[in-house]
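The residues making up each chain are set out below.
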Amino acid sequence: MARINATILSLLMVFVGNASADTVVFDLNGDKFNFSVYRTDLPTITETHTMEIVPQGGPIGPDNGVDFVVDGATMHATCDGSMQYIPGTNPALPSYLTCGVDRSGTIMPGTSVTLTLNYVDPTMVDNAVANPPSNEFPELNRTSATAPFCNSDEYGQACKWQEQNTRADSVLSMAGVPIGYWIVYSRTIINGIRLGYTVQPPGTAVGEYVCTNDSVASGGLWSCALGKVGAMPTHLCPIDAVNCAKKIEAFCTDSQSWIDPDMDQCFKNQGCMFGALTQDNACLYEPDPAKPFCPNGYGGTFDPNGKLICLGSPGCIGPGTVKACLYGLPVMGSDDCRVSSFNGICPDGYAYQTQTGDCLGAKQEIPSLGTPMNLKDKLVCETGEPRCPDDPPDLQYNPIQNGCYPFGQPCPYGNNRPCVQLDGHALEMCSAVDCGMIQLNGVPEGQNDKKNDAGIDENGECLGKIYIYSGHDRRCRSGGVTIGWEDCCKDKDFFFGLGRCRESELELADMKSRALCHYVGPHCSKTLSVPFLGSICIETEKTYCCFNSKLARIVQEQGRAQLKTLSDWGSADNPNCQGFTPDEFQALDFGKMDLSEWFSEIQTISSITLKNKLRDRIDEFYQKTQ
């Protein structure tokens, strides 16, 4: 084969290797674009590189993480305005990008980025040469980093220049260029280009959770994100999702003890006049062994070591006082109290009476002991509402969350909107839009189709149960959000351009055009089930029973009318397209059938002859099934 000289090769590369010799960015198509970079081995031409954004299932998350594909290789970038290095480039002469997420749009915000790209040809070190490249490529003559040769358009510049490595500590040396060698430095800079993606309706798989807002009526569905409320898994719609307010702890007044989250109340627990409250909810008091007296309301008992133990019941102490005897009984007609002595010893505040041998003391002001109240099966004392700090303003106590929030609402959309903890989010989030689960109505397409359930033997005879003129459950989507409210049940001649329709629906249109199908009816095939709100229909279908021949369809339509065992076609969501059993087929009276629709398409022979031949074939077939 003859060699192609450099001039012819260059011309070929201009028209073949580069899609556009005059532009830097071309084929910009929303989610991707091509851009030109001067080749370093043949700098008279450029080569094409490609960059595209990888669509996500919804808006770009709050971490601003975005995946890009650069020349077929995927890279992850954080689009927060910081420099992001492109993998696979020379570390000393790197390519990098900066990007930012656009969240300003009112329609699908957070699905586009603004991008700046600084792309350096990673092969230029490999193409280092000993002599100046301008010897072979004159356009590089007198070029430098400060005076490059550039090609520009509205998006950026593709530049090239020649540069010699003259120092051991230079960037070129770090990149691997030998001292004294030359390279063609090739760099393309693109400023402010916008890449985005369209959030297409999700796969609408049964069991998938999607947002239930007005987009259901307008042709768009958003997937819900999985999260938790406490330990319970739940879903959150990303549409209009906002951060929930942070919980601020409530407090009680000084006269009340603590907040019980199960009761949403401030209250005092019961207390003991003397001693301490035990785990058994009793008051235990151990008096001075030298003065072994139990206060009124306490019963005394001695432990195995002979030590007096006083036990009493707790109650609500104070805040008022009463004048009463701390020990013993009151003396009638006075403010005195009398109690028996213990070997001549009296309690504190009591004096021994030599005449009577007992102790006498005065009544004292002691805290009142009130009766506790029953609050949710718990005995407590004073109760009150929890309080919130004055700063920030407008805080109100939320009994469900047991904390303080602006106007008492963790979610700005109301207390009926749960705050969901999503993975990777520091704060809980809530949304004004509900999530619903996609559910299938009726049986899946083709599930009821009856097939011969056995093969044939060595003599060609049928084994097992057979069906004659069996039909097939075929369906087409007549509308709904899953197909952008298009109609995939149109006739074949109007099917062009329905890009969201399935191949099977096109096949059904063809079968209908050949009169092979019996129409069963319409139904709602998929619904969105929303808690407390019911179901929303998001997809409608039309159901047909289709057959392998027009004759089979005619015999089925007219034969079923003669049978009690196979009289109806079922329903649109649960069709019955099964064929005849041999017994049912034998019972058909073909003489009562109008086969004119079929006769018109076959050779002209006597209809009586056709019916007789058909009858003979049926009898022959039936005999073989016995």
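Since this is a predicted model, take the numbers as computed values, not measurements. (Residues numbered from 1 in each chain as written. Predicted model: local features only at pLDDT ≥ 70, side-chain atom pairs only at ≥ 80, totals over all residues. Heavy atoms only, no water.)

Peer 1: Requested: an account of helix α5 (residues 550–560), with residues and values cited.
Peer 2: Of all the 11 residues making up α5, 9 are buried; the element is thus mostly covered by neighbouring parts of the structure. Three or more residues of α5 are buried, namely Lys550, Leu551, Ala552, Arg553, Ile554, Val555, Gln556, Gly559 and Arg560. Its buried side turned inward, α5 meets β37 (517–530), α6 (582–586) and α7 (596–599). (Buried < 20%, exposed > 50% of the residue type's maximum accessible area, 1.4 Å probe, protein only. Helix = DSSP H or I, 4+ residues; strand = E, 2+ residues; numbered from the N terminus. Contact = heavy atoms within 4.5 Å.)

Peer 1: Lay out the pairing of strand β2 (residues 32–38) with the relevant residues and their values.
Peer 2: Along β2, 6 of the 7 residues are buried, which leaves the element largely enclosed by surrounding structure. In this structure, strand β1 (residues 25–26) lies alongside β2, joined through 2 bridges in antiparallel fashion. Paired with Val25 across the bridge in β2 is Phe35. (Pairing = 2+ DSSP bridges.)

Peer 1: Tell me what's going on with the state of the cysteines, and back it up with residues and numbers.
Peer 2: Evaluated as defined, the whole model comprises 17 disulfides. At a sulfur-sulfur separation of 2.1 Å, the disulfide partner of Cys388 is Cys404. Measuring the twist about the S-S bond at about -90°, one finds the Cys388-Cys404 disulfide to be left-handed. Of this pair, Cys388 sits in the loop between β30 (383–384) and β31 (395–398) while Cys404 sits in strand β32 (residues 403–406), and the two are 16 residues apart along the sequence. Classification of Cys404 by relative accessible area gives buried; the value is 0%. Across a sulfur-sulfur distance of 1.9 Å, Cys545 and Cys577 are joined as a disulfide pair. Here Cys545 and Cys577 share a disulfide; its torsion about the S-S bond, -75°, makes the bridge left-handed. With Cys545 in strand β38 (residues 534–546) and Cys577 in the loop between β40 (574–575) and α6, this pair connects stretches of sequence that are 32 residues apart. Grouping residues by exposure puts Cys545 and Cys577 together as buried. (Disulfide = S-S within 2.5 Å.)

Peer 1: Please set out the packing of aromatic side chains residue by residue, giving values where relevant.
Peer 2: Summed over all chains, the structure comprises 15 aromatic pairs. When the centroid spacing of 5.7 Å and the interplanar angle of 85° are considered together, the rings of Tyr469 and Phe585 count as edge-to-face. Of this pair, Tyr469 sits in the loop between β35 (434–440) and β36 (472–480) while Phe585 sits in helix α6, and the two are 116 residues apart along the sequence. Accessibility expressed as a relative area gives 24% for Tyr469, which makes it partly exposed. Looking at Phe585, the relative accessible area reads 6%, which means it is buried. Members of the aromatic cluster, joined through ring pairs, are Tyr469, Phe580, Phe585 and Phe590. (Phe/Tyr/Trp six-rings, centres within 6.5 Å; stacked < 30°, edge-to-face > 60°.)

Peer 1: Hey, could you go over the nonpolar core for me, with residue numbers and the actual values?
Peer 2: Buried together is how nonpolar side chains tend to be arranged in soluble globular proteins. Core analysis: the biggest nonpolar cluster contains 28 residues, and Phe33, Phe35, Met51, Phe68, Leu97, Val113 and Leu115 have the highest contact counts within it. Taken together, the elements giving at least two residues each to this core come down to β2, β3 (46–53), β4 (65–70), β5 (73–78), β7 (96–102), β8 (112–120) and β11 (182–196). The next biggest cluster of nonpolar side chains, apart from the first, holds 17 residues, and it includes Cys272, Leu308, Cys325 and Cys346. (Core = buried A, V, L, I, M, F, W, Y, C linked by side-chain atoms within 4.5 Å.)

Peer 1: For unusual backbone geometry, give the residues involved together with the corresponding values.
Peer 2: Following Asp391, the chain continues to Pro392 via a peptide bond in cis, the omega torsion being 0°. Position of Pro392 relative to the elements: it lies in the loop between β30 and β31. The phi torsion at Ala515 lies on the positive side, around 60°, for a residue other than glycine. Considering the arrangement of structural elements, one finds Ala515 in the loop between α4 (503–513) and β37.

Peer 1: For the sheet that holds β2, give the residues involved together with the corresponding values.
Peer 2: Strand order in the open sheet formed by 5 strands is β1-β2-β3-β4-β5, and the pairing between neighbours is antiparallel. Of all the strands in the sheet, the pair left with one neighbour each is β1 and β5.

Peer 1: How would you explain the environment of Thr166 if you had to name every residue and give the values?
Peer 2: For Thr166, the position within the fold is in the loop between β10 (156–164) and α2 (171–175). Sequence spacing of Thr166 and Val177 is 11 residues, and the spatial spacing of their C-alpha atoms is 9.9 Å.

Peer 1: Break down the side chain of Glu541 for me, citing the residues and quoting the values.
Peer 2: Relative to the helices and strands, Glu541 resides in strand β38. Owing to a relative accessible area of 8%, Glu541 belongs among the buried residues under this scheme. Once residues within four sequence positions are removed from consideration, Glu541 is found in contact with Arg475, Cys476, Arg477, Ser478, Gly521, Pro522, His523 and Ser525.

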